[in-house]
Amino acid sequence: MGTPESPLDFAGVPDAFQRLWTPHRMVYIGGENKPADAGERECPFCRAPRLGEADSLVVARGTTCFVVLNLYPYNPGHLLVCPYRHVSGYIDLTPEETQEFASLTQHAVRVLAAVSHPQGFNLGINQGEVAGAGIAAHLHQHVVPRWQGDSNFLPVVARTKALPQLLGETRDLLAAAWDASA
């Protein structure tokens with residue numbers, strides 16, 4: 001049995017693999033934009049509505065809730081429906097917030113269907129860190145458009161997602177369609 005070879009010995013040696021470099025994903029993996037604490041001051045969902053639409057990626061604003069494009073999307077057009085109020089639990093929403101939360105979710109599905117023509121959707125709330133919530137302190141519902149084959153080898157093998165459109169362009173298309181269908 002010989003000595004294990006160092007991967008550094010093979011740097012630059014051609015092989016059959018093609019590489020899709022996505023260094024922008026490292027900020028998510030490294031925890032950038034994650035709140036330092038669970039308070040409103042650090043929460044990106046509390047800050048987003050105070051910024052302009054282009055900077056915050058807000059697509060639509062309601063009275064008690066808003067819709068924002070996910071900064072780290074699973075698929076193009078991945079939206080988040082959030083209450084303005086900093087609450088972590090679905091049962092903590094007021095009746096008015098619950099109604100608008102549901103209404104904005106329905107409208108998000110309609111707008112995404114009209115703009116992107118997905119073949120299906122994933123709708124979901126990951127409530128609590130143990131349930132997969134990246135920002136557990138502020139409730140948010142995911143609205144993810146899905147297409148046949150969108151979970152191909154890249155996310156499975158390379159933990160990488162290829163997105164064909166810049167977030168700002170996606171936000172502009174969805175915001176225009178949102179306003180047109182209101």
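See the structure printed just above.
Conventions adopted
- Residues numbered from 1 in each chain as written.
- Predicted model: local features only at pLDDT ≥ 70, side-chain atom pairs only at ≥ 80, totals over all residues.
- Heavy atoms only, no water.
- Salt bridge = Lys/Arg side-chain N within 4 Å of Asp/Glu carboxyl O.
- Helix = DSSP H or I, 4+ residues; strand = E, 2+ residues; numbered from the N terminus.
- Buried < 20%, exposed > 50% of the residue type's maximum accessible area, 1.4 Å probe, protein only.
- Polar contact = N/O pair within 3.5 Å; in protein donor to acceptor, adjacent residues only side chain to side chain.
- Contact = heavy atoms within 4.5 Å.
- Axes fitted to C-alpha atoms, helices over the stretch in contact; angles between N-to-C directions.
- Parallel < 35°, antiparallel > 145°, perpendicular 65-115°, else oblique.
- Left-handed = near helix turned anticlockwise from the far one by under 90°.
- Nonpolar A, V, L, I, M, F, W, Y, C, P; charged D, E, K, R; others polar.

*Asks:* Which residues make up the pattern of salt bridges, and what values do they have?
*Replies:* Opposite charge on two side chains makes pairing possible when the charged atoms of those side chains draw close. In this structure the tally under the stated criterion is 2 salt bridges. Glu97 is the salt-bridge partner of Arg85, the closest N and O atoms lying 2.7 Å from each other. Remark: Glu97 occurs in helix α4 (residues 95-116) and Arg85 occurs in the loop between β3 (79-83) and α4; sequence separation between them is 12 residues. With a relative accessible area of 37%, Arg85 lands in the partly exposed category. Put simply, Arg171 and Asp172 hold a salt bridge, and the shortest N to O gap is 3.4 Å. Classification of Arg171 by relative accessible area gives buried; the value is 11%. You can call Asp172 partly exposed: its relative accessible area is 45%.

*Asks:* So what's going on with the side chain of Gln141? Which residues, and what values?
*Replies:* Positionally, Gln141 belongs in strand β5 (residues 141-146). At 2.8 Å, the side chain of Gln141 forms a polar contact with the side chain of Thr105. For Gln141, the contacting residues outside a window of four places in its chain are Leu79, Leu80, Val81, Phe101, Thr105, Gly124 and Ile125.

*Asks:* Lay out the packing of α4 against helix α6 (residues 167-181) in plain terms, naming residues and giving numbers.
*Replies:* Here α4 crosses α6 at 115°, and the two axes come no closer than 10 Å. Relative to α6, α4 is oriented roughly perpendicular. Along this stretch, α4 crosses α6, giving a crossing that reads as right-handed. Counting all contacts with α4, which are made through Leu104, His107, Ala108, Val111, Leu112 and Val115, the residues of α6 involved are Leu173, Leu174, Ala177, Trp178 and Ser181. Partitioning the contact of α4 with α6 into residue classes produces 9 nonpolar, 2 polar and no charged.

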